[in-house]
Amino acid sequence: MSEIEFGLDTFGGVTNDAEGKPLPHPRVIRDLVDDAVVADQVGLDFFGVGEHHRPDFAVSSPEMVLAAIASRTQRIRLGSAVTVLSSDDPVRVFERFATLDAVSAGRAEIVAGRGSFIESFPLFGYDLRDYEVLFEEKLALLAALLKEQPVTWEGTTRAPLTDQRVFPTTAGGLKAWVGVGGSPESVVRTARHGFGLFLAIIGGPPARFAPYIDLFERAQDELGVARRPVAVHSPGLVADTDEQARAIVHDGWLAMRERMGRERGWPPPSPGDFEREIETGSLYVGSPETVAKKIAATLGVLKVERFDFKYDQPVQHADQLRSITLYGEKVVPMVKDLLARRAPGDRVVTTTRGRASPDLSVACETGIAFV
């Protein structure tokens, strides 16, 4: 089971004090650094920090936070979740993460994406009408920069480069992924540019995403590129009992769903949605035993190399710290034990509308339009 890694992701979501009032951003960021120290101590493999530019999330510069974490940790790998590449410059992204890789002694990773919010586009002067071309061109340039060779590139979204080197260099290269939320076109693009696939599974049964992994493997084979790893990311919280975990998460989850619904035009949550997401969807909330069984079941239907637990629910920080500790000390060992009990090659096989290996059109029917 050593082939599967277990990590944590956070968007730097604003936590609450004992009276339920939001904590200030500086306190949330300092608490987040403490979270990563605990994650390192309990033996987790990866800690990812997301980029946002809105009041309910405290982190707008993941690399700065990750550098602080690097100074207080020893072994855990550090990356973004995600870097909003469309509204950034690939040269600067490479330079920042190469610097992070140096200060962390080779532990940096990039997870590039378009993000699930659009605030960064007007903030940095980008037109949403260029949404597709911005990401396509910048991802292609980042892929070229990651080779750490002279780059010649020309596009429509930034100045061209001619035989240009970018510094600092790294000791062993940067591991890089693309965060994908439900677009088969994004899966194929990720394969074409040679990135790992990082699936954001935030709702519904995880098995719906098996076709994307199959598509990723087939695309790499057809393109003749090297196989890259696959990771998944889903939200949750671990507490001592199922009842305690649900009570801690419920109100914040409901408020977040309602807020996101107003912003994005989603229907309001229906009675029972919270419980259904825990029972059959992609919300991993419960005791260590409950969460471990659910993660093991997900890893039985999805061929992935890493499972990342998005732990920053809108709760008190003490509940988050307890969740991290239980995840590292109890959940992960239980998951590894459950997976080790399975016979070699024994994996739950799922199909999509009667087909085990869907074509692109079928894959389109199985996911959610998230990014």
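Residues numbered from 1 in each chain as written. Predicted model: local features only at pLDDT ≥ 70, side-chain atom pairs only at ≥ 80, totals over all residues. Heavy atoms only, no water.

**Student:** Can you help me understand the overall build of the protein chain in this one?
**Tutor:** Each helix and strand counted, the protein chain has 12 helices and 12 strands in total. Relative to a compact globule of 371 residues, whose C-alpha radius of gyration would be 21 Å, the protein chain shows 20 Å and is just as compact. Expressed as lengths along the three principal axes of its C-alpha atoms, the size of the protein chain is roughly 60 × 50 × 40 Å. For the protein chain, the residues scored as buried account for 54% of the 371 residues in total. When contacts within the protein chain are restricted to residue pairs at least 6 apart in sequence, long-range pairs at least 24 apart make up 74% of them. When the accessible area of the protein chain is evaluated, it comes to approximately 16,000 Å², of which 53% is carbon and sulfur surface. If you average the places of the 42 positive and of the 52 negative side-chain charges in the protein chain, the two averages end up 1 Å apart. (Helix = DSSP H or I, 4+ residues; strand = E, 2+ residues; numbered from the N terminus. Rg over C-alpha atoms; globule rule 2.2 N^0.38 Å. Buried < 20%, exposed > 50% of the residue type's maximum accessible area, 1.4 Å probe, protein only. Contact = heavy atoms within 4.5 Å. Areas by Shrake-Rupley, 256 points an atom, 1.4 Å probe, with all protein chains shown as cover. Lys, Arg positive; Asp, Glu negative; His and termini not counted. Charge placed at Lys NZ, Arg CZ, Asp CG, Glu CD.)

**Student:** Can you help me understand empty space enclosed by the protein in this one?
**Tutor:** Summed over all chains, the structure comprises two cavities of 30 Å³ or more. When its volume is computed, the largest cavity comes out at roughly 60 Å³. Lining of the largest cavity is provided by T10, G12, G13, T15, V28, D31, L32, D35, Y311, D312, H317 and Q320. Secondary-structure elements contributing two or more residues to the lining of the largest cavity are α1 (25–41) and α11 (317–340). In terms of residues, the lining of the largest cavity owes the most to one element, α1, which gives four residues. Its boundaries defined by the atoms lining it, the second largest cavity holds a volume of some 40 Å³. Every residue lining the second largest cavity is listed: F94, L145, E148, Q149, V151, Q164, R165 and V166. Of the residues that constitute the lining of the second largest cavity, the class distribution is four nonpolar, two polar and two charged. (1 Å grid on protein atoms, 1.4 Å probe; cavity = no way out; pocket = protein on both sides within 12 Å on 5 of 7 lines; lining within 4 Å. Points joined across faces, edges and corners; volume = space filled by probe spheres on them. Nonpolar A, V, L, I, M, F, W, Y, C, P; charged D, E, K, R; others polar.)

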